[in-house]
Amino acid sequence: AQSVTQLDSHVSVSEGTPVLLRCNYSSSYSPSLFWYVQHPNKGLQLLLKYTSAATLVKGINGFEAEFKKSETSFHLTKPSAHMSDAAEYFCVVSGFTSGTYKYIFGTGTRLKVLA
Amino acid sequence: DSGVTQTPKHLITATGQRVTLRCSPRSGDLSVYWYQQSLDQGLQFLIQYYNGEERAKGNILERFSAQQFPDLHSELNLSSLELGDSALYFCASSVDPMRRAGQKHEQFFGPGTRLTVL
């Protein structure tokens, strides 16, 4: 069975400081992993995805994530937060469970950026 | 712009009523997914269609139904509405996840329909 856990429901950082949003996954085989961002009253936008190629994945807006199989983690990072990064972030694992395709969302992490 | 369109953007209705939400997938995508996002339940998968056929069901209530038409657009029908049905409803589309390596492809989300039940 697959599952995904976002370890922090809320994260606050100061503008210009690094961002770390944590995601752990559980999967019985090599998973595909995704990060989405949702700004207030907007749809979900794909930030980046891991599909068993390079373990360090670069996404849009300066975000990147590293797939660590030994730690079953796929944490999202950004070197320097910008005010426009304030949003909710979702980690997703996809694959098949009992022959059914599933796209499983984490519960989300709300990022607050302080001036 | 994801290429997925949803109408209407906002819908306000009363309890007991029925509404229809519409979604057009990205060009070339045969799979359509519906999700509900509310403050208390988070993002919940409702149902998936592939090329006109139901493929998977999630936490969809019996009062809700969906279909996908030959032109691949999809409609989500919500009936006997209750206050608790107020939420953002998202549609997403993707390539066929059952194809080899299809599950490596992301879902593209529409802007959502905000439903308010009074």
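Note: the structure precedes this text.
About the thresholds
- All residue numbers refer to positions counted from 1 along the written sequence of the respective chain.
- The order in which chains are written sets their letters, starting at A; the order in which ligands are written sets their numbers, starting at 1.
- Local features in this predicted model are restricted to residues of pLDDT 70 or higher, and side-chain atom pairs are both shown and tallied only at a pLDDT of 80 or more, whereas totals for entire chains, interfaces and linings draw on every residue.
- To obtain the side-chain values, all non-hydrogen atoms of the structure were used and water was disregarded.
- Numbering of helices and strands runs from the N terminus, with a helix taken as a DSSP run of H or I at least four residues long and a strand as a DSSP run of E at least two residues long.
- Each radius of gyration is computed over the set of C-alpha atoms, and the globule rule expresses the reference value as 2.2 Å times the number of residues to the power 0.38.
- Residue burial is assigned from relative accessible area. The probe radius is 1.4 Å, only protein chains are included, and a residue is buried under 20% of its type maximum, exposed over 50%, and partly exposed in between.
- For the accessible areas, the method is Shrake-Rupley and the probe is 1.4 Å, while residue cover comes only from the protein chains on display.
- Under this rule, positive means Lys or Arg and negative means Asp or Glu; His and the chain ends count for nothing.
- By convention, charge coordinates are those of NZ in Lys, CZ in Arg, CG in Asp, or CD in Glu.
- Any two residues whose heavy atoms approach within 4.5 Å are treated as being in contact.
- Cysteine sulfur pairs qualify as disulfides if the two atoms are within 2.5 Å.
- The rule for pairing is simple: two strands pair if DSSP sees at least two bridges between them.
- For every element, the axis is a line fit to its C-alpha atoms; helices are fit only across the contacting stretch, and the angle between N-to-C directions ranges from 0 to 180 degrees.

**Student:** So what exactly am I meant to see when it comes to the overall build of chain B here?
**Tutor:** Scanning chain B for helices and strands turns up zero helices and eleven strands. Walking chain B from its N terminus toward its C terminus, one meets helices and strands in the order β-β-β-β-β-β-β-β-β-β-β. Taken over the C-alpha trace, chain B has a radius of gyration of 14 Å; the compact-globule value for 118 residues is 13 Å, and the two agree within 12%. Counting only C-alpha atoms and orienting by the principal axes, one finds that chain B spans roughly 45 × 25 × 25 Å. Residue burial in chain B is summarised as follows: out of 118 residues, 52% are buried. Total accessible area computed for chain B in this model is approximately 5,800 Å², and 48% of it derives from carbon and sulfur atoms. On chain B, the mean spot of the 11 positive side-chain charges and the mean spot of the 12 negative ones are 5 Å from each other.

**Student:** Even after reading the chapter, I still don't get the environment of lysine 112 of chain A, so can you show me in this structure?
**Tutor:** Residues and elements named next belong to chain A. Within the secondary structure, lysine 112 is located in strand E12 (residues 109-114). Each C-alpha atom of the pair lysine 112 and alanine 86 lies 5.0 Å from the other, and the pair is 26 residues apart in sequence. Those residues in contact with lysine 112, other than ones at most four positions away along the chain, are Val11, Ser12 and Val13.

**Student:** How should I be thinking about the state of the cysteines in this particular structure?
**Tutor:** Think of a disulfide as a covalent bridge from one cysteine sulfur atom to another cysteine sulfur atom. Within this structure, the stated rule accounts for two disulfides over all chains. Here cysteine 23 of chain A engages in a disulfide with cysteine 91 of chain A; their sulfurs sit 2.0 Å apart. Handedness of the cysteine 23 of chain A-cysteine 91 of chain A disulfide follows from its S-S torsion of about -70 degrees: it is left-handed. Of the two residues, cysteine 23 of chain A sits in strand E4 (residues 23-26) while cysteine 91 of chain A sits in strand E10 (residues 87-97), which places them 68 residues apart along the sequence. We note that cysteine 23 of chain A, like cysteine 91 of chain A, is buried. Put simply, cysteine 23 of chain B and cysteine 91 of chain B are joined by a disulfide, and their sulfur atoms are 1.8 Å apart. Disulfide cysteine 23 of chain B to cysteine 91 of chain B: torsion about the S-S bond roughly -50 degrees, handedness left-handed. Pair noted here: cysteine 23 of chain B is in strand E3 (residues 19-24) and cysteine 91 of chain B is in strand E9 (residues 87-94), with a separation of 68 residues, a long-range link. You can call cysteine 91 of chain B buried: its relative accessible area is 0%.

**Student:** Looking at this structure, I do not really get the sheet that holds strand E1 (residues 5-7) of chain B. What am I missing?
**Tutor:** The pairing of strands in a sheet happens through backbone hydrogen bonds and is either parallel or antiparallel. All names here are of chain B. Read across the open sheet, the four strands follow the order E1-E3-E8-E7; overall the sheet is antiparallel. The open sheet terminates on both sides in strands that have one partner only, identified here as E1 and strand E7 (64-68). Ignoring which end each strand starts from, the neighbouring axes of this sheet average 15 degrees apart.

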